Amino acid sequence: MQASFSLFLALRYLRPKRTFVSVITVISISGVILGVMVPILVISVMTGFERALERAILGFDPHLRVTNGEIMDNWEEVLPKIKNVPGVVGVAPYVQGPVLVEHEGHVNPAIIRGIDVPAEEKLVNLKKLVVGTLDMPPDTVIIGKELAMELGARLGDEVTIYAPGNIHGILDEIRRENEDPNAKPKTLAELKGDVVFPAPMKIVGLLNSGRNSVDSSTLLVPLANAQELYQLRGGVHGLSINTVDPHDVRATERLIEDTLQGGAFVTSWYEENRERFDAISVEIQVMYIIVSVTGLVAAFSIMNTFITVTVQKTREIGIMKALGATQAQIIWVFLSEGMIVGVIGTLIGLSLAVLLLHYRNDFRDWLNHTFHLRIFPAGIYEFDGIPAEIVPKDLLIICLGAFFLCSVASLIPAWIAARLDPVKALRVD
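So, here is what we can say about the structure in this document.

Brief notes about the pairing of strand 1 (residues 64-67)
And step 1. Both strand 1 and strand 9 (residues 238-243) contribute to a ladder of three bridges, which runs antiparallel. Note on strand 9: the bridge partner recorded for Leu64 is Ile241.
And step 2. Two strands pair when backbone bridges link them, and strand 1 and strand 10 (residues 265-268) are joined in this way by four bridges, in the antiparallel orientation. Bridge pairing in strand 10 places Val66 opposite Val266.

As for the packing of aromatic side chains
And step 1. Tallied over the entire structure, the rule returns six aromatic pairs.
And step 2. On the numbers, 5.7 Å between centres and 90 degrees between planes, the contact of Phe49 with Phe383 is edge-to-face. One end of the pair, Phe49, is in helix 2 (residues 20-60); the other, Phe383, is in the loop between helix 17 (378-381) and helix 18 (392-418), with 334 residues separating them in the sequence. Judged on exposure class, the residue Phe49 and its partner Phe383 are both buried.

Topic: the nonpolar core
And step 1. Residues Val66, Ile82, Ile161, Leu219, Leu239 and Ile256 are the most contacted members of the largest nonpolar core, which totals 41 residues.
And step 2. For this core, the element with the highest residue contribution is strand 2 (residues 88-103), accounting for five residues.
And step 3. Apart from residues no more than four positions distant in its own chain, Ile82 is found in contact with Val66, Val88, Val91, Leu239, Ile241, Ile256 and Leu260.
And step 4. Grouped together as the second largest cluster of nonpolar side chains are 18 residues, Ile29, Met37, Met303 and Cys406 included.

Digging into the side chain of Asn225
And step 1. Inspection of the secondary structure assignment puts Asn225 in helix 10 (residues 223-229).
And step 2. Given a relative accessible area of 8%, Asn225 falls into the buried group.
And step 3. Sequence-distant contacts of Asn225, that is, excluding residues within four places in its chain, are made with Pro138, Asp139, Thr140 and Met201.

The rules behind each value
Residues numbered from 1 in each chain as written. Predicted model: local features only at pLDDT ≥ 70, side-chain atom pairs only at ≥ 80, totals over all residues. Heavy atoms only, no water. Pairing = 2+ DSSP bridges. Helix = DSSP H or I, 4+ residues; strand = E, 2+ residues; numbered from the N terminus. Phe/Tyr/Trp six-rings, centres within 6.5 Å; stacked < 30°, edge-to-face > 60°. Buried < 20%, exposed > 50% of the residue type's maximum accessible area, 1.4 Å probe, protein only. Core = buried A, V, L, I, M, F, W, Y, C linked by side-chain atoms within 4.5 Å. Contact = heavy atoms within 4.5 Å.

What follows is the structure in structure tokens.
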């Protein structure tokens, strides 16, 4: 009886009427909607960005790298030792460094990665990332799709790669002539021993890793070509390693270090990208604080609404208490109002958040087309679309938190209403 009486009055007070109370009730529900919708949108996008970045990194980069700070000439001896380390599932040599790539007068800086395709396929699903063929005979290249677009190159076209070795050889020759003006300039035949002359390389594939920074700067070439460009004579820059669990590589990292006995350095994918993930972690923590303030604002709005209701309904509260209504019944009237507002606002906010997350990229494109607003540009954030991932745990925490704040916010005006003296309340005009 107590619950039905209190609920009846709570619904009656919340019923839309052309009064100031109904207007601020709508405002209070709107506050709860924003207090639920904004945190879900922000946390889902931040979580989606972090996990999308992690998947993209692990989809192209190795879990561990082994280098010695210079050219690794004994990699063929080291590789089988690492393969036998528990937790290692694949090892592949690589050569990696900066180059210049040219096509029909367009020149761009790039990062070349020389790979042994059969060994690399044990680490990376290249078939999923590359449009074209993985059959890479000498003098062929797989180029990032964004880089190809900037160069105006397509499958079957040829590009020319200029490695630092070319520049070093030319600079040495210039330095030699400056130091000895009477020295005889080297002939073309003599320069061939010092300078690697660039050769055209045919594009056989386009790389689509999902990361704009990779797709706009990466060239994959056969290992032998990269060794020649960097004049490594069979050496490599390091070894790429994949492990059983990329999120638990520390134990495997220590085993590899013990196996190599200090002969090389081991770095993990997380260490190479630590600054990015630390920045995202800080941003998520700051966003939690900001959205928590949004929830508190909604709670104060609800409290303000019910205090206003209490003032306007003072005479009615006095009549109810004079007729025998208990303090508990009066408290439950306003507490029920807070719960109802909390449930309605939470459900609407949750629905709108899920709807906006589903159509987030369509909404971004509409804003871009209508207002010329560049939201989440791929050149800065690396991804073509806005990544988002809904975590049920986060939804539960946000929704329960909003409902709890609404309930708590209604307790103070409920307590004020329950403490009214019926005699004084009936004297209010």
